[in-house]
Amino acid sequence: MTRFSNRFIQSGLIASGISAFLLGAPIAMSAQPEIPAGAGISSWVENGSGGKYTLQILEGTLPEAGTSVTAKVLSDSNCAPDEEGINHCENVIKMPDGSKLKGIDNHRMSVNRCLRAGETVTISMLTDGWATVLTKQAKQSK
């Protein structure tokens with residue numbers, strides 16, 4: 001065999017080894033939930049832009065579709081960013097009937113601020129398990 005043939009064979013073996021490794025390796029999945037249809041954003045980095053937030057609902061009852069209510073943010077906690085730099089802040093919001101809504105604000109704090117405790121917001125249902133939350137900033141820009 002010639003030197004060229006040996007290198008060609010070695011290159012093929014290396015490529016096969018790399019392919020086998022890559023196929024056997026677990027695929028890294030994003031820790032981010034899928035953005036619901038109608039949210040008007042293409043990534044969680046944009047969430048909160050202009051005072052409009054998409055909130056993932058964990059507990060509580062949202063207003064009926066097509067209606068909105070004024071509510072008060074009670075808390076914003078556990079905002080440490082994940083490995084992709086997205087914060088998953090936990091919010092508790094007091095609804096007009098006194099019940100509490102618990103949700104996750106997936107956003108990048110360095111781009112758009114968190115919902116603030118004591119802040120009055122407007123909440124409406126986006127889709128099952130998701131809400132649109134508007135701050136005073138969003139209301140003023142309309």
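As a starting point, this report considers the structure included with it. (Residues numbered from 1 in each chain as written. Predicted model: local features only at pLDDT ≥ 70, side-chain atom pairs only at ≥ 80, totals over all residues. Heavy atoms only, no water.)

1. Notes on the overall build of the chain
When you go through the chain residue by residue, the secondary structure sums to 2 helices and 6 strands. Reading the chain from its N terminus to its C terminus gives the helix and strand order α-β-β-β-β-β-β-α. Counting every position in the chain, which comprises 142 residues, the buried fraction comes to 32%. Across the chain, every contact between residues at least 6 apart in sequence was considered, and the portion connecting residues at least 24 apart equals 57%. For the chain, the computed accessible surface area is about 8800 Å², with 56% contributed by carbon and sulfur atoms. (Helix = DSSP H or I, 4+ residues; strand = E, 2+ residues; numbered from the N terminus. Buried < 20%, exposed > 50% of the residue type's maximum accessible area, 1.4 Å probe, protein only. Contact = heavy atoms within 4.5 Å. Areas by Shrake-Rupley, 256 points an atom, 1.4 Å probe, with all protein chains shown as cover.)

2. Digging into the environment of Ile-86
As for its placement among the helices and strands, Ile-86 is situated in the loop between strand S2 (68-77) and strand S3 (87-94). Placed 42 residues apart in sequence, Ile-86 and Trp-44 show a C-alpha to C-alpha distance of 7.1 Å. Non-local contacts of Ile-86, meaning those with residues more than four positions away in its chain, are made with Gln-32, Trp-44, Val-45, Ala-80, Pro-81, Asn-106, His-107 and Arg-108.

3. Focus on the environment of Lys-52
Relative to the helices and strands, Lys-52 is located in strand S1 (residues 52-59). With a relative accessible area of 35%, Lys-52 lands in the partly exposed category. In sequence terms Lys-52 and Gln-137 are 85 residues apart; their C-alpha atoms lie 8.3 Å from each other. Sequence-distant contacts of Lys-52, defined by excluding residues within four places in its chain, comprise Ala-39, Asn-47, Thr-132, Val-133, Leu-134 and Ala-138.

4. Considering the sheet that holds strand S4 (residues 100-107)
One closed barrel accounts for 6 strands, arranged S1-S4-S3-S2-S5-S6; its pairing is antiparallel. The sheet shows a mean angle of 45° between the axes of neighbouring strands, direction not considered. Here 8 bridges tie S3 to S4, and the two strands are oriented antiparallel to one another. Following the sheet pairing, Cys-89 is matched in S4 by Asp-105. (Pairing = 2+ DSSP bridges. Axes fitted to C-alpha atoms, helices over the stretch in contact; angles between N-to-C directions.)

5. Focus on the pattern of salt bridges
Oppositely charged side chains may form a pair once their charged atoms are brought near each other. Applying the stated criterion to the full structure yields 2 salt bridges. Of the charged contacts in the structure, one is a salt bridge between Lys-102 and Glu-59, with a shortest N-O distance of 3.7 Å. In this pair, Lys-102 sits in strand S4 while Glu-59 sits in strand S1, placing the two residues 43 residues apart along the sequence. Arg-113 serves as the salt-bridge partner of Glu-119, at 2.5 Å between the closest nitrogen and oxygen. (Salt bridge = Lys/Arg side-chain N within 4 Å of Asp/Glu carboxyl O.)

6. Things to note about the state of the cysteines
Taken as a whole and judged by the stated rule, the model has 1 disulfide. Linked covalently through their sulfurs, Cys-79 and Cys-89 form a disulfide whose S-S length is 2.5 Å. Pair noted here: Cys-79 is in the loop between S2 and S3 and Cys-89 is in strand S3, with a separation of 10 residues, a long-range link. The same class applies to Cys-79 and to Cys-89, which are both buried. Free of any disulfide, Cys-114 has its nearest cysteine sulfur in Cys-89, 3.6 Å distant. (Disulfide = S-S within 2.5 Å.)

7. Topic: the packing of aromatic side chains
The full count for this structure, using the stated rule, is 1 aromatic pair. Plain terms: the ring middles of Trp-44 and Trp-130 are 5.8 Å apart, the flat faces sit at 20° to each other, and that makes the pair stacked. Note that Trp-44 is positioned in the loop between helix H1 (3-24) and S1 and Trp-130 in strand S6 (residues 130-134), a separation of 86 residues in sequence. On the basis of relative accessibility, which here comes to 4%, the residue Trp-44 falls in the buried class. Looking at Trp-130, the relative accessible area reads 11%, which means it is buried. (Phe/Tyr/Trp six-rings, centres within 6.5 Å; stacked < 30°, edge-to-face > 60°.)

Treat this as a map of the structure, not an account of what it does.
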